Amino acid sequence: MKKIICLFILVALFSCNSHKVFYAYEDNKTNTYAVLELSNKHYNVKYKYASDNFDYKYLEISGIKSYIDDIGVPSFLELSVIDNNNNLDGCVDLDTPKSFIYSLDKPEHNKIILESKGAVNCLDKFNLTWFPPYMTKVKKIDYSKFPEDIREAVIAIDKGKSAKKVDAILAKAKK
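Residues numbered from 1 in each chain as written. Predicted model: local features only at pLDDT ≥ 70, side-chain atom pairs only at ≥ 80, totals over all residues. Heavy atoms only, no water.

(A) Molecular detail of the nonpolar core. Ranked by internal contacts, the top residues of the largest apolar core, which has 23 residues, are Tyr-47, Leu-59, Ile-61, Leu-79 and Leu-128. Those elements giving two or more residues to this core turn out to be strand S1 (20-27), strand S2 (32-39), strand S3 (44-50), strand S4 (56-64), strand S5 (75-83) and helix H2 (121-125). Non-local contacts of Leu-128, meaning those with residues more than four positions away in its chain, are made with Phe-54, Tyr-56, Leu-59, Ile-61 and Leu-123. Judged by nonpolar contacts, the second largest core, of 17 residues, contains Ala-24, Val-154, Ile-157 and Leu-170. (Core = buried A, V, L, I, M, F, W, Y, C linked by side-chain atoms within 4.5 Å. Buried < 20%, exposed > 50% of the residue type's maximum accessible area, 1.4 Å probe, protein only. Helix = DSSP H or I, 4+ residues; strand = E, 2+ residues; numbered from the N terminus. Contact = heavy atoms within 4.5 Å.)

Written out as structure tokens, the structure is:
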């Protein structure tokens, strides 16, 4: 009986595995860190980005992955932005087929290329015209690469916390 219970627990633990794949880009000169998170289980895609190059500290783009592997994101869902004053802003652009896409450059090198396709109003609103030249496969997100004053908020956004909770975290960080 103990073996069956142990086996059941092991199966439950492995089935809860997130089945996520991560690609990252880092540039120390511009203090840039970007991550593309692909969820094979739910077909969600998240692009997280922090850099000194823009008028905001962090952004996250969410979308739904193409059902054809490694082609791109056909459906843009929303964008969350933390500006330099630690304010959270969002944007939803429901007008399809606007998208941001990724493609495998050389599968054997585990590199991925990002670009925008179509006029995504949310990207225009925040003047997002730059994507990393390439991203390489990594095992996990390194949250220490995000600015310290917003790191807790970034993790909260990543975990799907409400905007109200993220705003509270940011307000606490402002003090």
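Picking up after the structure, the text goes on.
(B) Layout of the layout of surface pockets. Taken as a whole, the largest pocket spans an internal volume of roughly 200 Å³. If you go around the largest pocket, you meet 13 residues; those closest to its centre are Glu-60, Glu-78, Ser-80, Ile-157 and Lys-161. Of the residues assigned to the lining of the largest pocket, the class counts are four nonpolar, four polar and five charged. (1 Å grid on protein atoms, 1.4 Å probe; cavity = no way out; pocket = protein on both sides within 12 Å on 5 of 7 lines; lining within 4 Å. Points joined across faces, edges and corners; volume = space filled by probe spheres on them. Nonpolar A, V, L, I, M, F, W, Y, C, P; charged D, E, K, R; others polar.)

(C) Inspection of the environment of Asn-87 at higher detail. With respect to the secondary-structure elements, Asn-87 resides in the loop between S5 and strand S6 (88-92). Residue class for Asn-87 comes out partly exposed when judged on its relative accessible area of 33%. Along the primary structure Asn-87 and Lys-57 are separated by 30 residues, whereas in three dimensions their C-alpha atoms are 9.7 Å apart. When residues no more than four places from it in sequence are discounted, the contact partners of Asn-87 are Val-81, Ile-82, Leu-170 and Lys-174.

(D) Structural view of the packing of helix H3 (residues 151-158) against helix H4 (residues 163-174). It is at 9 Å that the axes of H3 and H4 come closest, and there the two elements cross at 175 degrees. Relative to H4, the element H3 lies roughly antiparallel. Taken together, the residues of H4 that come into contact with H3 (itself represented by Glu-152, Ala-153, Ala-156 and Ile-157) are Val-166, Ile-169, Leu-170 and Lys-172. Here the residues of the contact of H3 with H4 sort into six nonpolar, no polar and two charged. (Axes fitted to C-alpha atoms, helices over the stretch in contact; angles between N-to-C directions. Parallel < 35°, antiparallel > 145°, perpendicular 65-115°, else oblique.)

(E) Quick peek at the packing of aromatic side chains. On inspection of all chains with the given rule, the structure shows six aromatic pairs. For the pair Tyr-25 and Tyr-134, a centre-to-centre distance of 5.7 Å together with 85 degrees between the ring planes defines the contact as edge-to-face. One end of the pair, Tyr-25, is in strand S1; the other, Tyr-134, is in the loop between H2 and strand S9 (135-138), and 109 residues separate them in sequence. Consider the rings of Tyr-56 and Phe-126, whose centres lie 6.4 Å apart with planes at 90 degrees: the pair is edge-to-face. Of this pair, Tyr-56 sits in strand S4 while Phe-126 sits in the loop between H2 and S9, and the two are 70 residues apart along the sequence. The buried category is assigned to Tyr-56, whose relative accessible area is 5%. Following the ring pairs from residue to residue traces out a cluster consisting of Tyr-33, Tyr-58, Tyr-143 and Phe-146. (Phe/Tyr/Trp six-rings, centres within 6.5 Å; stacked < 30°, edge-to-face > 60°.)

Keep in mind that these numbers describe shape and distance, not what the molecule does.
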